[in-house]
Amino acid sequence: MPELDDELMERFQKGDESAFTLLVRRHQQPLINFIARFIGDRDSAEDLAQETFIRIFQAAPRYKPGHAQFNTWMYHIASNLCKNELRDRGRRGRHWVDNTVSEGEPGDAAADAENRIASAPADVSYQPDVVLERKELHNALRKAIAELPEKYREPLVLRDIQGLSYEEISEVLEIRPGTTKSRINRARLMLKDKLKPFMERL
Amino acid sequence: MNCLQAEQHFSAHLEDEIDYRTLRSFEAHIEACGECQRDYVLFAQTITEVEALPQVAPSPHFMATLHQRLAEEPRITVPFWKRLVYGFTLPRWAYGALLLVFATTTTYVVYQGALFERNPGRAIPTVEQPRQLPAERATPARSETRTRGPAVPPGFAGTSISSQPMQHYVLKQVSYTNVPTQGGL
């Protein structure tokens with residue numbers, strides 16, 4: 001049975017640095033995914049994810065197991081870093097760059113999935129035009145998510161991509177559960193309206 | 001329920017988090033409104049597509065870069081007293097209770113000190129110095145020899161009963177009444 005995050009943090013607080021490595025291995029993928037979807041930039045996502053883990057490393061002695069979930073604490077730190085990054089970009093006048101998918105790069109989950117589809121037998125869902133349509137849809141979806149206002153985008157990513165509960169999202173964003181629910185519903189409605197032309201074609 | 005109100009409940013309906021009364025009016029509206037029916041289906045499909053978005057994987061150098069950056073970062077060490085304070089975790093009411101006990105004790109000690117200052121000649125009775133009855137004060141030598149039993153009333157001072165343990169005193173009293181005890185009291 002894998003150790004709980006709190007147990008690993010306790011081990012790390014006692015000086016076992018391998019426990020911290022385990023925590024990083026466990027959370028690196030979801031964290032990078034969250035940051036990449038939130039700020040829409042894969043390279044910056046890796047930087048910010050590393051910064052998040054460094055903050056956790058430094059703040060570990062003050063972490064109280066059982067007081068807050070490690071997961072929500074981690075997302076809270078990452079969320080603040082992302083907001084700072086977006087604010088800095090706004091000041092620098094840097095435009096949105098969606099490089100969350102780098103085509104054909106080894107290790108990239110999206111490219112791997114599409115390669116598998118390309119080499120699969122003649123199922124309808126594996127046909128080139130269907131694959132192309134889905135790829136277009138994914139691009140449109142990424143763009144639509146990126147265009148959502150920040151206060152709607154963040155809870156949507158946490159809920160529908162990261163799979164957090166409403167209570168966890170409320171803790172991360174420090175807002176009331178009712179507000180979380182209404183923001184997520186609003187974000188989904190906005191996405192639905194943006195994707196209507198694509199969805200009706202499928 | 002109108003269309004605008006209905007779309008506020010799309011998520012709640014999809015996630016089964018809608019109360020019974022709202023559910024009935026929501027479903028009644030959806031059945032009657034073709035536009036909302038289509039919107040609801042699109043809404044559900046959108047969520048499915050968002051959930052199915054491919055994950056962004058970390059690059060192969062992620063861990064190595066992180067370790068390198070961590071090695072450059074100074075490790076913050078928390079002083080012992082801070083660890084003691086932060087590590088001493090109690091519920092809020094317990095901190096309140098501790099504060100109350102501390103405040104009460106402090107007030108008592110301060111008040112007692114002030115009382116002594118106001119009445120310097122008055123000794124406050126303590127356990128070590130029990131208050132003595134006037135009769136005993138008159139015969140300090142005898143009261144010193146007495147080790148057990150209650151204080152002796154003035155009329156009985158000097159009788160042999162006073163120096164006897166209480167159990168003997170009761171037995172004697174019974175025997176003076178000449179009532180047959182049949183081996184017991």
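Residues numbered from 1 in each chain as written. Chains lettered and ligands numbered in written order. Predicted model: local features only at pLDDT ≥ 70, side-chain atom pairs only at ≥ 80, totals over all residues. Heavy atoms only, no water.

## A look at the overall build of chain A
Looking only at helices and strands, chain A has 9 helices and 0 strands in total. The N-to-C order of helical and strand elements in chain A reads α-α-α-α-α-α-α-α-α. Within chain A, the proportion of its 202 residues that are buried is 48%. Considering only intrachain contacts with a sequence separation of at least 6, the fraction spanning at least 24 residues in chain A is 64%. (Helix = DSSP H or I, 4+ residues; strand = E, 2+ residues; numbered from the N terminus. Buried < 20%, exposed > 50% of the residue type's maximum accessible area, 1.4 Å probe, protein only. Contact = heavy atoms within 4.5 Å.)

## What to know about helix 5 (residues 62-72) of chain B
Inspection of helix 5 of chain B places B:Phe62, B:Met63, B:Leu66 and B:Leu70 among the buried residues, and these make up the whole buried set. On an axial view of helix 5 of chain B, the arc spanned by its buried residues comes to 90°, and they lie on one face. Of the exposed residues in helix 5 of chain B, those oriented more than 90 degrees away from the buried face are B:Ala64, B:Gln68, B:Ala71 and B:Glu72. On its buried side, helix 5 of chain B packs onto helix 2 (17-39) and helix 3 (42-59) of chain A. (Arc of directions from axis to C-beta.)

## Digging into the confidence of the model for chain B
In the predicted model, chain B carries a mean pLDDT of 73, and the fraction of residues at 70 or more is 52%. A low-confidence stretch, residues 141-146 of chain B (pLDDT under 50), is modelled with 6 contacts involving residues beyond four sequence positions or located in other chains. (pLDDT = per-residue confidence, 0-100.)

## Focus on the nonpolar core
A:Ile35, A:Phe53, A:Ile56 and A:Ile145 are the most contacted members of the largest nonpolar core, which has 64 residues in total. With 11 residues, the single largest contributor to this core is helix 2 of chain A. Those residues within four positions of A:Ile145 in sequence are excluded, and the remaining contacts are A:Arg37, A:Arg153, A:Leu156, A:Val157, A:Ile161, A:Leu191, B:Val50 and B:Leu53. B:Ile18, B:Phe26, B:Cys33 and B:Tyr40 belong to the second largest nonpolar core, which has 12 residues in total. (Core = buried A, V, L, I, M, F, W, Y, C linked by side-chain atoms within 4.5 Å.)

## Regarding the interface of chain B and chain A
Every contact between the two is made by 39 residues of chain B and, on the other side, 50 residues of chain A. With both chains or domains summed, chain B and chain A bury close to 4,500 Å², and 60% of this area falls on carbon and sulfur atoms. In this structure, B:Arg69 and A:Glu51 form a salt bridge, with 2.8 Å as the shortest nitrogen-oxygen distance. Linking chain B with chain A are 19 residue pairs in polar contact (both at pLDDT 80 or more), by the criterion used here. Secondary-structure elements contributing two or more residues to the side of chain B that touches chain A are helix 2 (10-14), helix 4 (34-51) and helix 5 of chain B. (Buried area = accessible area lost by both parts, 1.4 Å probe. Salt bridge = Lys/Arg side-chain N within 4 Å of Asp/Glu carboxyl O. Polar contact = N/O pair within 3.5 Å; in protein donor to acceptor, adjacent residues only side chain to side chain.)

## Observations concerning the packing of aromatic side chains
What the rule picks out here adds up to 13 aromatic pairs over all chains. Centre to centre, the rings of A:Phe70 and A:Trp73 are 6.0 Å apart; their planes meet at 65°, and the pair counts as edge-to-face. Of the two residues, A:Phe70 and A:Trp73 both sit in helix 4 (residues 70-92), 3 residues apart, roughly one turn of that helix. A:Trp73 shares its class with A:Phe70; the two are buried. Judged by centre distance (6.0 Å) and plane angle (70°), the ring pair of B:Phe26 and B:Tyr40 falls under edge-to-face. Note that B:Phe26 is positioned in helix 3 (residues 20-32) and B:Tyr40 in helix 4, a separation of 14 residues in sequence. (Phe/Tyr/Trp six-rings, centres within 6.5 Å; stacked < 30°, edge-to-face > 60°.)

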